[in-house]
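# Notes for the structure review
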2 protein chains.
Amino acid sequence: MVNKHDSRSEETKNTILNVAGKLFSKKGYESVTMREIAKEAGCSHTTIYLYFKDKETLLHQLTMPSLRELHQTLQEIHIMNSIISEDKLKRISHEYLHFCMINRNMYSLLMNAKSTRVDEERPELEINKVRIGMFNLLKQVIQECLLMPNNDLLLAFTRTFYYNLNGIISTYLDNHEPLSILMERLTPTFNLAVEVLILGFREKLKQKVETN
Amino acid sequence: MVNKHDSRSEETKNTILNVAGKLFSKKGYESVTMREIAKEAGCSHTTIYLYFKDKETLLHQLTMPSLRELHQTLQEIHIMNSIISEDKLKRISHEYLHFCMINRNMYSLLMNAKSTRVDEERPELEINKVRIGMFNLLKQVIQECLLMPNNDLLLAFTRTFYYNLNGIISTYLDNHEPLSILMERLTPTFNLAVEVLILGFREKLKQKVETN
DNA sequence: TTTATTTATAACCAATGGTTAGTAACTAAA
DNA sequence: TTTAGTTACTAACCATTGGTTATAAATAAA
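Residues numbered from 1 in each chain as written. Chains lettered and ligands numbered in written order. Predicted model: local features only at pLDDT ≥ 70, side-chain atom pairs only at ≥ 80, totals over all residues. Heavy atoms only, no water.

## Here's the deal with the pattern of salt bridges
- Under the criterion given, the structure shown has 12 salt bridges over all chains.
- With a closest N to O distance of 3.1 Å, E203(A) and K206(A) form a salt bridge. One end of the pair, E203(A), and the other, K206(A), are both in helix α9 (residues 179-211), 3 residues apart, so they sit about a helical turn from each other.
- K204(A) is paired through a salt bridge with E195(B); the nearest N and O atoms lie 2.5 Å apart. A residue pair is termed interchain when its members come from two chains, as with K204(A) in helix α9 and E195(B) in helix α9 (residues 179-211). With respect to burial, K204(A) and E195(B) carry one shared label: buried.
- In this structure, a network of salt bridges that share partners links the residues K90(A), E195(A) and K204(B). (Salt bridge = Lys/Arg side-chain N within 4 Å of Asp/Glu carboxyl O. Helix = DSSP H or I, 4+ residues; strand = E, 2+ residues; numbered from the N terminus. Buried < 20%, exposed > 50% of the residue type's maximum accessible area, 1.4 Å probe, protein only.)

## Examining the relation of the copies chain B and chain A
- You can overlay chain B on chain A at an RMSD of 0.1 Å; the transform is a turn of 180° with a shift of 0.0 Å along its axis. Taken together, the rotation angle and the small translation identify this as a two-fold axis.
- A shared binding surface is used by both copies, with 100% of the interface residues of chain B retained as interface residues in chain A. (Least-squares fit on C-alpha atoms with pLDDT ≥ 70 in both. Contact = heavy atoms within 4.5 Å.)

## Examining the protein's contact with DNA strand D
- Taken together, 23 residues form the shell around DNA strand D, and within it R35(A), T46(A), T12(B), T47(B) and Y51(B) come nearest.
- Among atoms of DNA strand D positioned within 4 Å of the protein, sugar and phosphate together represent 61%.
- Within the backbone of M34(A), a nitrogen or oxygen atom sits 2.9 Å from a phosphate oxygen of DNA strand D.
- Y49(A) is positioned with one of its side-chain polar atoms (N or O) 3.3 Å from a phosphate oxygen of DNA strand D.
- At the level of secondary structure, the elements contributing two or more residues to the surface near DNA strand D comprise α1 (4-27) and α2 (34-41) of chain A together with α1 (4-27) and α3 (48-51) of chain B. (Near = heavy atom within 4 Å. Polar contact = N/O pair within 3.5 Å; in protein donor to acceptor, adjacent residues only side chain to side chain.)

## Here's the deal with the packing of aromatic side chains
- Enumeration over the complete set of coordinates arrives at 12 aromatic pairs over all chains.
- Seen in terms of ring centroids, F135(B) and Y162(B) are 5.5 Å apart; in terms of plane orientation they differ by 80°. Their pairing is edge-to-face. Here Y162(B) lies in helix α8 (residues 152-171) and F135(B) lies in helix α7 (residues 123-146), a separation of 27 residues in the sequence.
- Three or more aromatic residues joined by ring pairs form one cluster here, namely Y163(A), Y172(B) and F190(B).
- K55(A) extends its terminal NZ or CZ atom over the ring of Y29(A), reaching a point 4.7 Å from the ring centre. (Phe/Tyr/Trp six-rings, centres within 6.5 Å; stacked < 30°, edge-to-face > 60°. Lys NZ or Arg CZ within 6 Å of the ring centre and 35° of its normal.)

Right under this line is the structure:
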């Protein structure tokens, strides 16, 4: 039988997480203050420090579940047999872009995982694992798409593809347009970018074969 | 005959600008404090506010001259007759990347020109002019490269190219590797990206022609 | 009821960007 | 030379923030 103490602290922790998640999404991590979160959660701002080491830990604990989910989604798309690899790549790109646009705070964390944190169950290792995992997944899908060996050129292609995705996100990071409208407006351009890259990769591959 | 008053204030202002420029470059805009700048400049931190409205104004006044210079450089490359447009594109990309990597603070300003500032001689208008100017220049060079009309497809191509450049920059924004080493390591990848994009654009164009 | 444990808050701290009041230095006029 | 005015600069102050420490409140156990 859970006692009131346990349930009270659990409830407080969850409330803080929920409120923080909402506020971060709405106003951006940097501009939300701990006092604001506390007020909305109905507690003192110092209570937050009973459960979370600092502000960044809060963001981190909000991020990892969603990130794992994204990674899972991308993996599921990857192993689908019913679609060709070029379409997989488009779907993966779309999911990644969509996720990052919704979760702009998390995107920053994803890009800037601090390597200063070696305590706390090696969270950087986990987030790095997920990052690397997604990069490698992208690499595999590109490899399948191009029917090429796993070599330096594939790495460079994957990087280029990755730059493009992240360029898109960073271009619209501070855009205040509603997401659904933004995605509707720009998805054709995003898809074009993927197609152009694949075409370019194929041509580059051809060139390499012709010079060898 | 300039009096001591005038020369003294001019000197103070320039010292502050110089010091700020160095510190921003070295440690990043966000992590440099006004008190730190003041200390290095040999004045009180409140003196800074005699000359500059706020911290952002300081960054802005440091940024615009360099940005104008970059824009000028890119324009000069554009009008060069001695090189083909594909090489122009590579040179322009290289200059832009190099500039942004050196001036990461300014890059942020470039990407995030605040629209909240309508006082102060319309600086947002100026920075927007430069941004738009550079985007249009890029568009022109891509157009020449591809020998295509100025249409929606060209705009989408230019956007894609722009995403790529900015993806590169944002990927390495917090990288602490010395710039010369970073550029040496990655310039081949950056050039490959440009080539891939151009190849892809050409193929896309071909497809469009074939379906019309 | 008293004591121990857990949860939470209030008081406090250092630091920051920025504002306001006061002082020092310089120049011009008497 | 002295006085008044102007300019450059500083110190005191402010509100706010993330975070720490001391204290209070709530709950469970003896």
